[in-house]
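Architecture at a glance
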Amino acid sequence: MVTGAVRVLRAAVVPLALIGLTALAGVVLGRVYAGSLLTGLVVGAAAGSVLVSVAAQRLPSWLVAPVSVAAMVGWTLWSLRLAADRAALPGGLLEITGDAARNGIPRLLTAMIPVEPTPDTVLVPVVAAWLAGLAGAEVALRTGRVLLGYLPAAGLYAAALYVVGPNAAPAVGVTVAFVAVAAVGLAAPTGAASAAADPGTELAPRVRAAVRLRLATSAALGVALVVGLVALLGPVVADQVDGRPVDPRRYVEPPQVQTLDENPLIRISGWALRPEQKLLDVSTERAGVAPQVSVGAPPGAEPAGNAGGGARIRLAVLSDYDGVTWRVGATYRNAGRILPAAAPSRDSTVETVRQQITVAELSGRLLPAVATPREVSGARVAYDPASGTLIRPEGLTPGLRYAVTSAEEQPDPNLLASANVPAGAEVARVLRVADGVPDPMRRLAAQLAEENGAPYARAQAIEQFLAEHYRVVADAPSGHAYPNLGFFLFGPRAGGGQEGTSEQFAAAFAVLGRLSGLPTRVVVGFRAGKQGPVLAGDAFAWPEVLFDGLGWVPFDPLPRPNEEPRPVEEDFRPTPEDPPPSEAPAPTVEPSASPEPVAAGDGPPGRAGVSTPLLVAGGSGGLVLLVGALLLTLLAMRRSLTRARLGRGDPGQRIAGAWREVTDALRLAGRPVGDDLAATEVAGHARQTLAAARAGTTADGTTADGTTDGPAVDDLAALLNQVGFAPGAATPDQAARAAEVAMAYVNTLRSARPWWRRLLWSVHPTPLRRARR
């Protein structure tokens, strides 16, 4: 009885070691997961795969794999259903499984730490653990090669360490446990070894001694090889102990927003034109119901949300501005139901806000929520901790319903007047001012800043200036680049300036704030009541300023209702270019001798002057070279055009090119022909032009002796008519004849011109312009 129990215990050591090694990979990976669900599922997969192989040892080896895979499918489906129920994800098992199979690996590598165990983040670890247990058990138990059977579990353990990367503390204790379990499994005899404890007992003494010597020699060589590898690789491994592991997440692109969502500020004007469009249905519950008034607004201002427990819902936070566009610039990571909690600002109070939101006609991927969300259920989301905003990677769809629990911070208004603003590399992003700021905008920011020293006073001055001097209109065009903001701030009121939507108000505040040294950003969102629809008319943008200990504080630069804006010129005093004559200091006249003249060569050391003649000569020479280069370029282009007309194409094209050379010559001679003349009429006009250009001509175009000495332009006109009425009938000889007649005419006509006109003939650009038509 005891012997049988010992035999069973020995036989169980290796399977238990395989289960332990595979399960330890789940322990390592579970350090970056929220809760212990993933570790339990991986331990179950490890135990199930090894136990199936143990139970099927008497079956043929080819039959074990199908049986084990069938069991793996059952365990995996149960694991996915359990993970979906824990994460409160909607959908049937088939839908959940398909989505997890398609997106398991990318979502695992883009998920936010800690990773919530959802179907897509547990599928790959569970399947990998089952397959590693199956492969290791078959090799170790069926063939008796225990060390080789450890390889799948060791590979799984290394993969888990790689996936965790630098996102958890070093797994020293778990690694020591892994080595210890492996050693116990190697020390235990396998079933084959138990059946034949000493393979040499039945051999002759001499043969037995030779076998044992060979085994001892092999063991010694193996130990020497292991010691050598340790000596060789030990220093390399030791050097990596203090090194930072590689994070595989940097090789995988996280979920991205659409172009429409990268700058939702431009959607404000479109929503303003359709104020009745229903975007959301919202139900809000607060721990303590109180109107939320913008801390930057004066007393009596309209609440930021609606009174009676309403809220200001954020859609996007825009921190990057390049002088043209405000952008989100966020890095979103797949997240589960529970979002990472950030420490609230030191001098702010936190109020819990719960919302039920149903999407109506809002499009895009940005998911609205009250700042700052801590828990989301009913939708798969990706989260950016820096801005506290959400997206739904699949995009918003009508009817989507989700619940959000947020921790809304309320800064202490009594500390704002003395609060400072942070500085340094951490806030350089929200202090950056892009190049190209209009000078009036800089002067306005400087004027408001010099009159208000404290950061909060500066922010209030900008808010008050915008609220008192500008008007909100729904049909203002979208745009917040520097030229748009310049027109909004300083454009004539009669021409559409000094009015805009909340887009221009928020963007102008943020830019003026940064010019005044305030870290600012722009937020796009909605005003929402305690319960009811959120319409497009509820959409607006507002600026926020970052204060030490208080966090991001919203401001409201929109004008108050029923207040007529004052002209900007009443309060904005632009700095004059030159001081008035009355303010310029009068020169002091000394009754002393006039100063001695200073030589032209004297001056500050290292800055020798250049004589005026040398500058004039250099400038003139450069101008001559430039003109010469231009003339040579025109000459080359004209000659290239002539060669192309007379030498390229079929005979018909070359005849037409020769004719264009003649008409261009007539135009250069100041006798252009109209396009409505026939070829024979143009030929007659060409004869008269040539005759008139020569000395001793008569009115009818003949010379004094009654002849019309000159090239046979009529022959060229006949060839052109032949091309027009009988295409393809022209021969190369006729084309050559046309080129000869054309060039003879052009050269004769040019030679009859005055000398200065002959110089300009070859570089005149008119033929080049006509050739492009």
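In this text, all values refer to a predicted model and were calculated from it rather than measured experimentally. (Residues numbered from 1 in each chain as written. Predicted model: local features only at pLDDT ≥ 70, side-chain atom pairs only at ≥ 80, totals over all residues. Heavy atoms only, no water.)

1. Looking at the pattern of salt bridges
Side-chain pairing between opposite charges can occur once the charged atoms of the two side chains come close. Under the counting rule described, the total for this entry stands at 26 salt bridges. Salt-bridge contacts for Glu-138 lead to Arg-142; the nearest nitrogen and oxygen are separated by 2.9 Å. Placement of the pair is Glu-138 and Arg-142 together in helix α5 (residues 119-142), with a separation of four residues, close to one helical turn. Here Glu-138 falls in the buried class, since its relative accessible area comes to 17%. (Salt bridge = Lys/Arg side-chain N within 4 Å of Asp/Glu carboxyl O. Helix = DSSP H or I, 4+ residues; strand = E, 2+ residues; numbered from the N terminus. Buried < 20%, exposed > 50% of the residue type's maximum accessible area, 1.4 Å probe, protein only.)

2. Looking at unusual backbone geometry
Of note, the bond from Ala-371 into Thr-372 is cis; its omega dihedral lies within 30 degrees of zero at -5°. Along the chain, Thr-372 turns up in the loop between β8 (369-370) and β9 (373-377). Of note, the phi angle at Gln-498 is positive, near 60°, even though the residue is not glycine. You can see Gln-498 is positioned in the loop between α14 (482-490) and β14 (499-500). By relative accessible area, which is 4% here, Gln-498 ends up buried. Positive phi values are uncommon outside glycine, yet Asn-562 reaches one of about 60°. By the secondary structure assignment, Asn-562 is in the loop between β18 (551-554) and α16 (612-647).

3. Structural notes on helix α17 (residues 651-668)
In this model α17 runs 26 Å from its N-terminal to its C-terminal C-alpha over 18 residues, within 8% of the 26 Å that 1.5 Å per residue would give. The buried fraction of α17 is high, at 14 of 18 residues. If you check the start of α17, you find a side-chain oxygen 3.2 Å away from the backbone N of Gly-652, and it comes from Asp-650. Looking one or two residues beyond α17, the residue adopting positive phi is Gly-670, at roughly 85°. (Expected span 1.5 Å × (residues − 1). Polar contact = N/O pair within 3.5 Å; in protein donor to acceptor, adjacent residues only side chain to side chain.)

4. Brief notes about the pairing of strand β2 (residues 311-318)
The buried fraction of β2 is high, at eight of eight residues. Relative to strand β15 (residues 520-528), β2 runs antiparallel, the two being bridged by seven bridges. Bridging from a neighbouring strand, Arg-312 pairs with Arg-527 of β15. (Pairing = 2+ DSSP bridges.)

5. Thoughts on the sheet that holds strand β7 (residues 366-367)
Spatial ordering of the open sheet is given by β5-β10-β11-β7, a layout of four strands whose pairing is antiparallel. Taken across any chain shown, the strands that pair with only one partner, and hence form the sheet edges, are β5 (333-335) and β7.

6. Description of the sheet that holds strand β17 (residues 539-547)
Read across the sheet, five strands follow the order β8-β2-β15-β17-β18 without closing on themselves; strand pairing throughout is antiparallel. Of all the strands in the sheet, the pair left with one neighbour each is β8 and β18.

7. Description of the packing of aromatic side chains
Tallied over the full model, the rule gives twelve aromatic pairs. Their ring planes at 45° and their centres at 5.9 Å tell us that Tyr-456 and Phe-555 sit as a pair that is tilted. Placement of the pair is Tyr-456 in helix α13 (residues 455-469) and Phe-555 in the loop between β18 and α16, with a sequence separation of 99 residues. Joined through ring pairs, the aromatic side chains of Tyr-456, Phe-509, Phe-547 and Phe-555 make up one cluster. In this structure, Arg-521 packs its charged tip against the face of Trp-552, placed 4.1 Å from the ring centre. The positively charged end of Arg-527 is found above the aromatic ring belonging to Phe-540, 3.8 Å away from the centroid. (Phe/Tyr/Trp six-rings, centres within 6.5 Å; stacked < 30°, edge-to-face > 60°. Lys NZ or Arg CZ within 6 Å of the ring centre and 35° of its normal.)

8. Quick word on the packing of helix α3 (residues 61-86) against helix α4 (residues 93-110)
Relative orientation and spacing of two packed helices are given, respectively, by the angle between their axes and the distance between those axes. Following both chains from N to C, one finds α3 and α4 inclined at 100°, their axes separated by 10 Å at the closest point. Between α3 and α4, the crossing angle belongs to the class labelled roughly perpendicular. Residues Leu-77, Leu-80, Arg-81 and Ala-84 of α3 lie in contact with α4, whose contacting residues are Leu-93, Ile-96 and Thr-97. The class makeup of the residues in the contact of α3 with α4 is five nonpolar, one polar and one charged. (Axes fitted to C-alpha atoms, helices over the stretch in contact; angles between N-to-C directions. Parallel < 35°, antiparallel > 145°, perpendicular 65-115°, else oblique. Contact = heavy atoms within 4.5 Å. Nonpolar A, V, L, I, M, F, W, Y, C, P; charged D, E, K, R; others polar.)

9. As for the confidence of the model for the protein
Taken as a whole, the protein shows an average pLDDT of 81; of its residues, 82% reach a score of 70 or greater. For residues 577-609, every residue scores under 50 in pLDDT, and the model assigns this stretch zero contacts once sequence neighbours within four places are set aside. Contacts from residues 696-708, a stretch scored under 50 in pLDDT, to residues over four places away or in other chains number ten contacts. (pLDDT = per-residue confidence, 0-100.)

10. Structural notes on the environment of Glu-661
Tracing the chain through its elements places Glu-661 in helix α17. Judged by its relative accessible area of 9%, Glu-661 is buried. In sequence terms Glu-661 and Tyr-745 are 84 residues apart; their C-alpha atoms lie 9.3 Å from each other. Other than its neighbours up to four places away in sequence, Glu-661 contacts Thr-642, Arg-645, Leu-646 and Val-746. At a separation of 3.4 Å, a polar atom in the side chain of Glu-661 contacts the side chain of Thr-642.

11. Some words on the packing of α5 against helix α6 (residues 146-164)
Interaxial distance between α5 and α6 falls to 7 Å at its minimum, and their mutual angle equals 170°. On the basis of the axis angle, α5 is roughly antiparallel to α6. Contacts between α5 and α6 involve Ala-128, Ala-129, Ala-132, Ala-135, Gly-136, Val-139 and Ala-140 on the former and, on the latter, Val-146, Leu-148, Gly-149, Pro-152, Ala-153 and Leu-156. The class makeup of the residues in the contact of α5 with α6 is eleven nonpolar, two polar and no charged.

12. With respect to the side chain of Arg-645
Along the chain, Arg-645 turns up in helix α16. In terms of polar contacts, Arg-645 uses its side chain to reach the side chain of Glu-661, at 3.0 Å. Polar side-chain contacts of Arg-645 include one of 2.6 Å to the side chain of Asp-664.

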